[in-house]
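Structure at a glance
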Amino acid sequence: AVSLPKPIDLRSLREALTFEGGGRSTAQHRAEKNARLITAEELSQGLAADELYPVFQPKVNLRSGQVVGCEALARWDSPTFGAVGPDVFIPLAEQSGAIKLITLRMLRESMSMARRFLDRDPSFVVAANLSAMLLTDTTILQQIEQMLDETGVPARSLMIEVTESTAMSDVDRAMDVLLRLRIKGVGISMDDFGTGYSSLSALARMPFSELKIDRSFVKDCLVDPDMWKVVAASVAIAHQYKMKAVAEGIEDAETWWALEELGCDIGQGYGISRPLKLDAFESWYQAWNADTPVPVLTRRVHA
Ligand code: C2E
Ligand code: MG
Ligand code: MG
Ligand code: MG
């Protein structure tokens, strides 16, 4: 028998709601006013009604300041609940099975985003998140390959960020899928490194090309020596395994500089840009790449 997914209590998850722009949005007020259980059924309806969409957050080379690509992050603007963050609906989707549809949608949008940017920069890479549980789905590999063929996006322009919220049921199968993607040229990123289930044994076994240091370690690394040690050790581990070290959650210039000095390769964070809708991302990209005004954060790295 299939156990029914647990509904999620919005009230207790208020903190998990993520909103762009900071402060308390009207959407957030709406979400709180309507705070009650979101059911799997309602998520499915939202998906069917096209209420889910991606936003894109840039990833930049910490040494040169150049944009290397972006990460696609899912958003849900529900007329009933307001803006619901992925920390709320992704776990629900994983329980209900809706994660498959959400992921396929996000992959497709990521590839069409990649196509648009490849004309400007042939080395641009778009990253999509993939719940590790989907790696044991027998059709996901074919679907990714087919989408790459259909969209004409080269495999090297796609990165899969593997997020592991629950232990994998079939590690061999998952490993097989990741290997095949890697052989094809798709980049594989170990997301949220250092938290949850993403472990050192997985690193040794899986063909990761990038290690993403979780923002919980990055955000206070300049004031908390214990966090700094975790970040420094993670960068070293990444390089030992010939992976790129990526830091998420860079909110200020000082953190950027310190990470650059440490040898961390790529960075992502609100200090560089919040996740943006496609149009806003394009404007941000142009402004960032324009020589004047030089973006604050790149001033020193160009010096
Ligand atoms: P993640 O993959 O680790 O993504 C990074 C999260 O950190 C994003 O939150 C991003 O908005 C946030 N972030 C980036 N820089 C900063 C910063 O400087 N400060 C702060 N405070 N936050 C920052 P978001 O978009 O709420 O996504 C949360 C998580 O939901 C993601 O964590 C990922 O695990 C999951 N997720 C999002 N979209 C998808 C998806 O399409 N599929 C799957 N399976 N999971 C997704
Ligand atoms: Mg990610
Ligand atoms: Mg991450
Ligand atoms: Mg994270």
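Residues numbered from 1 in each chain as written. Chains lettered and ligands numbered in written order. Predicted model: local features only at pLDDT ≥ 70, side-chain atom pairs only at ≥ 80, totals over all residues. Heavy atoms only, no water.

Looking up the chain in an unreviewed UniProt entry gives the name EAL domain-containing protein, with the organism given as Rhodopseudomonas telluris.

**Structural notes on the overall build of the chain**
Formally: Secondary structure is summarised from DSSP: a helix means a run of H or I of at least four residues, a strand means a run of E of at least two, and numbering begins at the N terminus for each. Only protein chains enter the calculation, and the probe is 1.4 Å; a residue is then buried if its accessible area is under 20% of its type maximum, exposed if over 50%, and partly exposed in between. Contact criterion: two residues are considered in contact whenever any of their non-hydrogen atoms come within 4.5 Å of each other. The accessible surface values rely on the Shrake-Rupley method and a 1.4 Å probe; as for residues, cover is taken only from the protein chains in view.
Across its full length, the chain carries 12 helices and 11 strands. Out of the 303 residues in the chain, the part that is buried amounts to 50%. Sequence-distant contacts in the chain: of pairs separated by 6 or more residues, those separated by 24 or more amount to 70%. Carbon and sulfur atoms form 52% of the exposed surface of the chain, whose accessible area is close to 14,400 Å².

**Here's the deal with the coordination of the magnesium ion (ligand 2)**
The condition that has to hold: The rule for donors is simple: an N, O or S atom within 2.8 Å of the metal counts, and for Na, K and Ca the reach is 3.2 Å. Water is not among the atoms, so a site may look short of donors.
Looking at the metal site, the magnesium ion (ligand 2) is ligated by Glu-71 (OE), Asn-129 (OD1), Glu-161 (OE) and Asp-191 (OD), spaced 2.0 to 2.2 Å from it. If you list the donors of the magnesium ion (ligand 2) from N- to C-terminus, the spacing comes out as E-x57-N-x31-E-x29-D. Here the magnesium ion (ligand 3) and the magnesium ion (ligand 2) are spaced 3.8 Å from one another, each receiving a donor from Asp-191. Note that Glu-71 is positioned in strand S4 (residues 67-78) and Asp-191 in strand S8 (residues 187-193), a separation of 120 residues in sequence. The burial state of Glu-71 is the same as that of Asp-191; both residues are buried.

**Digging into the state of the cysteines**
Put simply, the rule reads: Only a pair of cysteine sulfur atoms within 2.5 Å counts as a disulfide in this structure description.
Per the stated rule, a full pass over the model turns up 0 disulfides. Here Cys-221 is not cross-linked by a disulfide; its sulfur's nearest cysteine counterpart is in Cys-264, at 9.4 Å. Given a relative accessible area of 3%, Cys-221 falls into the buried group.

**A look at the pairing of strand S6 (residues 125-131)**
For the record, the criterion: For two strands to pair, DSSP has to find at least two bridges joining them. When the strands point away from the viewer and the path from the first strand over the helix to the second turns clockwise, the crossover is right-handed.
By the criterion of burial, S6 is predominantly enclosed, with 5 of the 7 residues buried. Where S4 lies against S6, 4 bridges are found, and the strand directions are parallel. Bridge pairing in S6 places Gly-69 opposite Val-125. Where S6 and strand S7 (residues 158-163) come together, 6 bridges link them in parallel fashion. Each bridged residue has a counterpart across the sheet, and for Asn-129 the counterpart in S7 is Glu-161. Taken together, S6, helix H5 (residues 140-151) and S7 constitute a β-α-β crossover, and its handedness is right-handed.

**Digging into the pattern of salt bridges**
The criterion, for reference: Counted as salt bridges are all cases of a side-chain nitrogen of Lys or Arg within 4 Å of a carboxyl oxygen of Asp or Glu.
For the coordinates displayed, the defined rule picks out 16 salt bridges. A salt bridge links Lys-59 to Glu-210, with the nearest nitrogen and oxygen atoms 3.0 Å apart. Separated by 151 residues along the polypeptide, Lys-59 in strand S3 (residues 52-61) and Glu-210 in strand S9 (residues 210-213) bring together distant segments of the chain. Lys-229 is the partner of Asp-226 in a salt bridge, and the nearest nitrogen-oxygen pair spans 3.8 Å. Pair noted here: Asp-226 and Lys-229 are both in helix H9 (residues 225-240), with a separation of 3 residues, about one helical turn. What makes Lys-229 exposed here is its relative accessible area of 54%. Through salt bridges with shared partners, a single network forms among Lys-59, Glu-71, Glu-161, Glu-210 and Lys-212.

**Considerations on the environment of Phe-56**
With respect to the helices and strands, the residue Phe-56 is situated in strand S3. Classification of Phe-56 by relative accessible area gives buried; the value is 3%. Along the backbone, Phe-56 and Met-190 are 134 residues apart, and their C-alpha atoms lie at a distance of 18 Å. Discounting residues that sit within four places of it in the chain, Phe-56 has contacts with Cys-70, Glu-71, Ala-72, Glu-109, Met-113, Arg-274, Pro-275, Leu-276, Leu-278 and Phe-281.

**Details of the nonpolar core**
Soluble globular proteins tend to bury their nonpolar side chains together. Basically, it comes down to this: Buried Ala, Val, Leu, Ile, Met, Phe, Trp, Tyr and Cys residues that are joined via side-chain atoms within 4.5 Å together make up what is termed a nonpolar core.
The biggest cluster of nonpolar side chains holds 82 residues, and the ones touching the most others in it are Phe-124, Ile-144, Ile-160 and Phe-281. The leading source of residues in this core is helix H4 (residues 99-118), at 10 residues. Apart from residues no more than four positions distant in its own chain, Ile-144 is found in contact with Leu-107, Met-111, Leu-158, Ile-160 and Leu-181.

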